[in-house]
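Secondary and tertiary structure notes
One letter stands for each residue in the lines below.
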Amino acid sequence: MNFTHLHVHSHYSLMDGLCSPHELLSAAKAAGQSAMAITDHGTLASHRDMQIAAKELGIKPILGVEAYISSTDRFDKRDIKSRDDNTQVFNHIILLAKNNNGLKNIQKLSEIAWTEGYYRKPRIDLEVLDEYGDGIIVLSGCLNGLICKALERGDRAKAVEYTNWFANRFGDDFYIEVQSHNPAEINKALIEIADEVGVKLVATGDCHYATKDQKALEEALLILSTKPDSNKDATYDSGRKIKNIFDRFNHIYPDRPISFQDINVYIQSYDEISNDFGVEYPEDIYLNTQDIVDKVQEYEFHENLQLLPKPKTDAHEQLLKMCEEALIQKGLDNEQYRERLEEELQVIKDKEFSSYFLVVGDMVRWAKDSEILVGPGRGSAAGSLVCYLMGITEVDPIKYDLLFFRFINPERNDFPDIDTDFMDRRRGEVKEFLRKKFKNVASISTYQYFKDKGVVRDAARVFDVPLGEVNKALKGIETFEEFESNRNVDWFKQKYPEVIEFASNLRGRIRSVGIHAAGVVVAKDPISSYAPIETRSDSSDDVS
């Protein structure tokens, strides 16, 4: 029997999903599956890793998202306490890209969710889903979906109304999702509504980790994420006497707001998931996953794109003209400098880098004109005469015998690094200039991982290890490798072996997300056409 997981969270579902796309796909392959979807909470950040890993492993990737959707509208920012209309701040819904057009529409929906609908979570609504729904396969979602929540509060008529809306908009590309860990009465109602409206059912696992043996590690991640109150009478020593790891967690944290202890949310095989559902469920719920796989087409994989803004006139001709004018202005119009300039410009032209130099030069020139302090240039860019003539650097590479080919290697096609330094407190003004001039501008997301001594602290926190003991062991330690090899902490490793085990297994997984201190993306087209767009501190602070 063919079965494919269509509701899967990676570690890009921050502090909720445990594994990388590669780990999840490897588990699917080991279970005999030939395709898998990725549907992280409110983010598309995993898509590129998913495509790379899927190609390596020979598995068909299905790119999607578990989106947050407002049942009213995306601009409704009432707190849950202020609502008297049986609505929530957000519900969940699964969107899968059927083709490249669907992927672009999911990227657009994600951008709208972050820039217009953000309230606690990035939210879309039915209006924009209708507008940008082409090429998208929709699953009704988990227990927090619109249909399930209506059933949960006893409003079957509303559940049918939602089902009809989705069926009318998406036709055969809408499926009602059932999960083995749903309450039996909810699944029974979902099956009845599917039959009544004429919608196909599909089984999903709502996977949060890759393999069965990672269940306790996932639970530890949830403890770190939700920070539950601990039992005031529990200690590390009292917990250590309990052999079963989940009984131990229950002893230390009896009131965890989220726990996967009693459900199987890993990449199950068909036999495992069908056993969890039981024989009373129709085989169609598994067969229909293959129906979706067959609908999904291959996606484009973007690389080496020429996306920089280009001037209305020929970029290289403009760069040449500006450099020649600067050569005369600086009194350097001689054979040695002209030969060097011609050599550099020919390489830049061959590599199609002219627009890059114009954009950077424009940015630096504006900053200087605005009396923003700019560094004189550092790194290999100081070896470029073009950078010097454009005012990007203030170092004459010929005078100081600096090499251009350390800056641009003709055998490589990636853009050269031009390190520019602006005074910290006015760096935002430079970005705002870029946004006003080029419009399609975003900062760059960064991901922080469980690592070094921080991961030891995290694992120790899960098991309620006394803080004084942790501080004593980590004194003078910076990296995890130091912690492993330093004989002075052998006492800690022997006394708290589970901390070492869990820290080792958490290492390398995503812990949090931030913004690159200085990196900025500038493009000629909307960035959401090529990469996901999110916001961080405010809705105008886009990141890609």
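Everything quoted here is computed from the prediction, not taken from an experiment. (Residues numbered from 1 in each chain as written. Predicted model: local features only at pLDDT ≥ 70, side-chain atom pairs only at ≥ 80, totals over all residues. Heavy atoms only, no water.)

**Things to note about the pattern of salt bridges**
The line we're drawing: We count a salt bridge whenever a side-chain nitrogen from Lys or Arg sits within 4 Å of a carboxyl oxygen from Asp or Glu. Numbered from the N terminus, helices here are DSSP runs of H or I no shorter than four residues, and strands are runs of E no shorter than two. Only protein chains enter the accessibility calculation, which uses a 1.4 Å probe; a residue is then buried when its area is under 20% of its type maximum, exposed when over 50%, and partly exposed in between.
Per the counting criterion, the structure on display carries 39 salt bridges. We note a salt bridge from Glu219 to Arg256, for which the minimum N-O separation is 2.9 Å. A residue pair is termed long-range when its members are at least 10 positions apart, and Glu219 in helix 8 (residues 215-226) and Arg256 in the loop between helix 10 (245-252) and helix 11 (270-277) qualify at 37 residues. Side by side, Glu219 and Arg256 carry an identical accessibility label, which is buried. Across the pair Arg426 and Glu429 runs a salt bridge, and its minimum N-O distance is 2.9 Å. Note on Arg426: relative accessible area 17%, which makes it buried. The exposure class of Glu429 is partly exposed, given its relative accessible area of 33%. Beyond isolated ion pairs, a larger network of salt bridges with shared partners links Arg74, Glu116, Asp125 and Glu127.

**Quick word on the side chain of Asn99**
So the rule is basically this: Two residues form a contact once any of their heavy atoms are found within 4.5 Å.
Locating Asn99 in the fold gives a position in the loop between strand 3 (91-97) and helix 3 (100-115). Setting aside residues up to four positions removed in sequence, Asn99 forms contacts with Gly135, Gln297 and Tyr299.

**Some remarks on the packing of helix 6 (residues 156-170) against helix 7 (residues 184-197)**
This is how it is decided: Only the stretch in contact is used when fitting a helix axis, every axis being a line fitted to C-alpha atoms; angles between N-to-C directions are given from 0 to 180 degrees. Angles are sorted into four bins: roughly parallel if under 35 degrees, roughly antiparallel if over 145, roughly perpendicular if 65 to 115, and oblique for all others. Crossing handedness follows the turn of the near helix against the far one: under a right angle anticlockwise gives a left-handed crossing, and clockwise gives a right-handed one. Residues were grouped as follows: Ala, Val, Leu, Ile, Met, Phe, Trp, Tyr, Cys and Pro as nonpolar; Asp, Glu, Lys and Arg as charged; and all remaining residues, including Gly, as polar.
Taken N-terminus to C-terminus, the directions of helix 6 and helix 7 make an angle of 50°; their axes are 10 Å apart at the nearest point. Between helix 6 and helix 7, the crossing angle belongs to the class labelled oblique. Between helix 6 and helix 7 lies a crossing whose hand is right-handed. Where helix 6 approaches helix 7, its residues Arg156, Ala159, Val160, Thr163, Asn164 and Ala167 are matched on the opposing element by Glu192, Ile193, Glu196 and Val197. Considered class by class, the residues forming the contact of helix 6 with helix 7 number 5 nonpolar, 2 polar and 3 charged.

**Overview of empty space enclosed by the protein**
To keep things clear, this is the line we draw: Of the two site types, the cavity is a set of points on a 1 Å grid over the protein atoms alone where a 1.4 Å probe fits but cannot get out, and the pocket is an open set with protein on both sides within 12 Å along at least five of seven lines, each lined by residues with an atom within 4 Å of a point. Grid points are joined across faces, edges and corners, and a volume is the space filled by probe spheres set on the points.
Considering all chains together, one arrives at 3 cavities of 30 Å³ or more under this definition. Counted as a void, the largest cavity has a volume near 90 Å³. Lining the largest cavity are Gly42, Val65, Ala67, Tyr68, Leu95, Ile106, Leu109, Ser110, Ala113, Trp114, Pro122 and Ile124. Looking at the lining of the largest cavity, the elements with two or more residues in it are strand 2 (60-70) and helix 3. Ranked by the residues each element gives to the lining of the largest cavity, the list is headed by helix 3, at 5 residues. Each pocket or cavity is described by its volume, and for the second largest cavity that value is around 40 Å³. Lining the second largest cavity, in full, are Ser71, Asn86, Thr87, Gln88, Asn91, Leu146, Lys149, Arg153 and Tyr162. Among the residues forming the lining of the second largest cavity, the class breakdown is 2 nonpolar, 5 polar and 2 charged.

These figures come from the coordinates and say nothing about function on their own.
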